[in-house]
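Topology and contacts: notes
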Amino acid sequence: MTGASGGTPELAAVVRAAASGSQLEATLREILSAAVRHVGATYGALGVLSCDGRRLDRFVVEGISEEIQQRIGRLPTGQGVLGLLVAEPVALRLDDLTRHPSFGGFPEGHPPMRSFLGVPVRVGEEVFGHLYLTEKLTGGGFTTADVEVAQALAGVAGLAIDNARLLERAERRRAWSQVGTDVSTALLSGDDPDQVLRSAADRVAALCGAEAAGVLVPVPGDDDALRVVAAVGPSGPEAEGVRIPLVGGLLHEAQRSGVPQLLADFALHLPDGYPPGFLGEVSVDYGPALLIPVGGQPARSTLAVVRRRDGGPFEPELLDLASAFAAQTTVALELVRSQQRERRLQVQADRDRIARDLHDHVVQRIFATALALDRIGRSLEAESPEVAARLAERVDELDGTIARIRTSIFELQHQDASPGGVRHRLAEVVRSVVDGHGVRPDLRVPGEVEDLPVELVPDVVAAVRELVTNVVRHADAARLTVTVTVTDGVRVRVTDDGRGLPSITVRSGLANLADRAERHGGRLTAHGGPSGTDVEWAVPLPG
């Protein structure tokens, strides 16, 4: 390699830069510049293949000004003569590339080129890209010595790309591990699992280069469907509460087995004739999907991240990263459930002990006292009827006290102590939505709400979330009131002191709630004016 003075120190510096694995773009430009000078070429380019090896996703050029590059427009993607090297990665030397059968012509503004030399950029058997050199300065074609120089520098470029990708994979593994650690820490710290998984979906989507993500959970009493309880992305608010049918395929397999799955096209896993709406938009705008089930077999929740159709498929290596994340999150969820179960058992044990003490000591002593007073009163009926009557009244009062204590004992033994009770979930939803928005909430939930049928709880929670979210986003309100009542049906009423109903362009969330209410035989009503809005979501109780 003696085509330029000082070549050996220059090449040594290039090799050191390639081995460091840092600043890949700058290293590739140095290698390309050295190749152009050492073989005496006018122009050079270095194309890096995508991870799947099917196309060029990076193209570094030398010898062409930025002005000419802008005039040419779109960079090559690996077609024509360049495609020959993609299909068969061997050295290609042409005296006049315009005469080759695969030549497809230059784009407008492209400088003329005839002599051509292309060699694969590889390490061992793995091909990372190609090095292209054109227009020999001395005229004529490139020599055998030029091929050897180009192959040597292409090997250096392969080393640089390989090291950079190793560093990229290590950083990606670290980022996934950090998300798993943060999710586990939040869950074990007592944060609401729905909010934790919502945040996890957002971060996982960013790690995967996806545009949207959602948290899917099984529908109680329906083994053939999942429901979106949290979603991020352009259609996030409208997606929450949507029911997704399980009709076999990889979606059902991921939910059943708890093993992450890659979907080439999300639309292929929707049943024929599925009604339009959010999922219809997903099937049109989005294709590739990654499903990450967590919480055991079958999964208790599934994170679904999707890319737009022009974004390309998810990389297969994401399955290993997703599996590690799912395993870590599943362990944390199991620990949380174990802690909750232990706390419930402890609380119930304390209540049982209090109930026994009340029954065995307090009630028995009151009963004994009432019995003694009753005997004394009976003995005084003949001598002092008035005293006997007053004693009888006190005995009745003691009997009433015993009845009230026994009612309390029953409540202690049967009250749900679970931190996941309906009232607690509603309070957490309202708090999480209004937090930091300057809206003062008032939540009114009577005791009967804890008797809400299990299959209606997700709908009620979703209705509260959507209605409160609408107020926060659109009403410009200072106060809002949420009232949830259970009588012959379930009623969720949200009122505010804002500026009235939003325009129809931002009411798709209300339309979604109306649709879900109708599926339960209920309805959504809304009244608004300049002094506030009153929205009620009501459905009858099952049966």
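Residues numbered from 1 in each chain as written. Predicted model: local features only at pLDDT ≥ 70, side-chain atom pairs only at ≥ 80, totals over all residues. Heavy atoms only, no water.

**Observations concerning the pairing of strand β11 (residues 301-308)**
As a general feature of sheets, a regular strand has side chains that alternate between the two faces. Among the eight residues that make up β11, seven are buried, leaving the element largely enclosed by the rest of the structure. Across five bridges, the pairing between strand β6 (residues 212-219) and β11 is antiparallel. Among the inter-strand pairings, Leu216 is bridged to a residue of β11, identified as Thr302. Sheet topology places strand β10 (residues 286-294) next to β11; seven bridges connect them, and they run antiparallel. Across the sheet, Tyr286 pairs through a bridge with Arg308, a residue of β11. Taking the residues that link successive antiparallel strands as the turn, the β10-β11 hairpin has six residues, and the phi of Gly295 there is positive, at about 100°. (Buried < 20%, exposed > 50% of the residue type's maximum accessible area, 1.4 Å probe, protein only. Helix = DSSP H or I, 4+ residues; strand = E, 2+ residues; numbered from the N terminus. Pairing = 2+ DSSP bridges.)

**Some thoughts on the pattern of salt bridges**
By the definition in use, this model includes 17 salt bridges. The partner of Asp374 in a salt bridge is Arg378, with the nearest N and O atoms 3.0 Å apart. With Asp374 and Arg378 both in helix α10 (residues 318-379) and four residues apart, this pair spans about one turn of that helix. With a shortest N-O distance of 2.9 Å, Arg444 and Asp442 are connected by a salt bridge. One connected set of salt bridges, linked through shared partners, spans Asp96, Arg99 and Arg114. (Salt bridge = Lys/Arg side-chain N within 4 Å of Asp/Glu carboxyl O.)

**Focus on unusual backbone geometry**
Glycine aside, residues mostly have negative phi, and peptide bonds are mostly found in the trans state. For Glu135, which is not a glycine, the phi torsion comes out positive at approximately 60°. Take Glu135: it is sitting in strand β5 (residues 126-136). For Glu135, a relative accessible area of 23% translates into the label partly exposed.

**Details of the environment of Asp459**
Examined against the element boundaries, Asp459 turns out to sit in helix α13 (residues 457-475). Judged by relative accessible area, Asp459 falls into the buried class, the value being 1%. Here the alpha-carbon distance between Asp459 and Arg227, two residues 232 residues apart in the chain, equals 9.8 Å. Residues within four places of Asp459 in sequence aside, it is in contact with Arg227, Arg516, His520 and Trp537. (Contact = heavy atoms within 4.5 Å.)

**Considerations on the packing of aromatic side chains**
Here the structure, examined in full by the defined rule, presents two aromatic pairs. The interplanar angle of 75° and the centroid separation of 6.0 Å between the aromatic rings of Trp176 and Phe325 together place this pair among those described as edge-to-face. Of this pair, Trp176 sits in helix α5 (residues 144-188) while Phe325 sits in helix α10; the two residues are 149 residues apart in sequence, bridging distant segments of the chain. By the burial criterion, Trp176 is buried, and Phe325 matches it. (Phe/Tyr/Trp six-rings, centres within 6.5 Å; stacked < 30°, edge-to-face > 60°.)

**A look at the side chain of Ser184**
Its place among the elements puts Ser184 in helix α5. A distance of 2.9 Å separates a polar side-chain atom of Ser184 from the backbone oxygen of Gly180. (Polar contact = N/O pair within 3.5 Å; in protein donor to acceptor, adjacent residues only side chain to side chain.)

**Comments concerning the pairing of β5**
Summarising burial for β5: eight of the 11 residues are buried, a large majority. Pairing analysis gives seven bridges linking strand β1 (residues 41-49) to β5, with the strands arranged antiparallel. In the strand pairing of β5, Tyr43 is matched with Thr134. Sheet topology places strand β4 (residues 116-123) next to β5; eight bridges connect them, and they run antiparallel. Note that in β5 the partner of Arg122 across the bridge is Val127. Linking β4 to β5, which pair antiparallel, is a turn of two residues; within it Gly124 sits at a positive phi near 65°.

**Looking at the packing of α5 against α10**
Where α5 meets α10, the closest approach of the two axes is 9 Å, and the angle between their N-to-C directions is 10°. Comparing their axes, α10 and α5 come out roughly parallel. The two elements α5 and α10 meet at a crossing, and its hand is right-handed. In contact with Arg172, Arg173, Trp176, Ser177, Val179, Gly180, Thr181, Val183, Ser184, Leu187 and Leu188 of α5, α10 contributes Leu318, Leu321, Ala322, Phe325, Gln328, Thr329, Ala332, Leu333, Leu335, Val336 and Gln339. For the contact of α5 with α10, the per-class residue count stands at 13 nonpolar, seven polar and two charged. (Axes fitted to C-alpha atoms, helices over the stretch in contact; angles between N-to-C directions. Parallel < 35°, antiparallel > 145°, perpendicular 65-115°, else oblique. Left-handed = near helix turned anticlockwise from the far one by under 90°. Nonpolar A, V, L, I, M, F, W, Y, C, P; charged D, E, K, R; others polar.)

**Some details on α5**
Its 45 residues place the ends of α5 65 Å apart at the C-alpha level, agreeing with the 66 Å of an ideal helix rising 1.5 Å per residue. In the segment just after α5, Gly190 is the residue with positive phi, at about 95°. (Expected span 1.5 Å × (residues − 1).)

**Notes on the environment of Ser33**
Topologically, Ser33 is positioned in helix α2 (residues 24-39). For Ser33, a relative accessible area of 15% gives the class buried. It is 9.0 Å that separates the C-alpha atoms of Ser33 and Val61, two residues lying 28 residues apart in sequence. Among the polar contacts listed, one links the side chain of Ser33 to the side chain of Arg37, at a separation of 2.3 Å.

**As for the confidence of the model for the protein chain**
Here the protein chain shows a mean pLDDT of 78. Residues at 70 or above account for 81%. Note that pLDDT drops below 50 for residues 1-6; the model gives that stretch seven contacts with residues more than four away or on any other chain. (pLDDT = per-residue confidence, 0-100.)

**Some details on the packing of helix α12 (residues 422-434) against α13**
At a minimum axis separation of 9 Å, α12 and α13 run at an interaxial angle of 25°. If you check the angle between α12 and α13, you find them roughly parallel. In this structure, α12 meets α13 at a crossing whose hand is right-handed. Every residue of α13 that contacts α12 at Val422, Arg425, Leu426, Val429, Val430, Val433 and Val434 is listed here: Val457, Val460, Val461, Val464, Arg465, Val468, Thr469 and Val472. The residue inventory of the contact of α12 with α13, partitioned by class, reads 12 nonpolar, one polar and two charged.

**With respect to α13**
Along its 19 residues, α13 runs 26 Å from first to last C-alpha, staying within 8% of the 27 Å computed at 1.5 Å per residue. Counting buried positions over the 19 residues of α13 gives 18, a clear majority of the element. Positive phi shows up at Asp476, right after α13, with a value of about 55°.

**Quick notes on the nonpolar core**
By size, the foremost hydrophobic cluster in this structure holds 35 residues, and its most contacted members are Val464, Val468, Val484 and Trp537. Of all the elements in the fold, those that place two or more residues in this core are α12, α13, β13 (479-486), β14 (489-496), α14 (508-519) and β16 (532-540). Residues within four places of Trp537 in sequence aside, it is in contact with Asp459, Val460, Ala463, Leu467, Val490, Arg491, Val492, Leu513, Ala517, Arg523 and Leu524. Among the nonpolar cores identified, the runner-up in size contains 33 residues, and Ala210, Val294, Phe314 and Ala326 belong to it. (Core = buried A, V, L, I, M, F, W, Y, C linked by side-chain atoms within 4.5 Å.)

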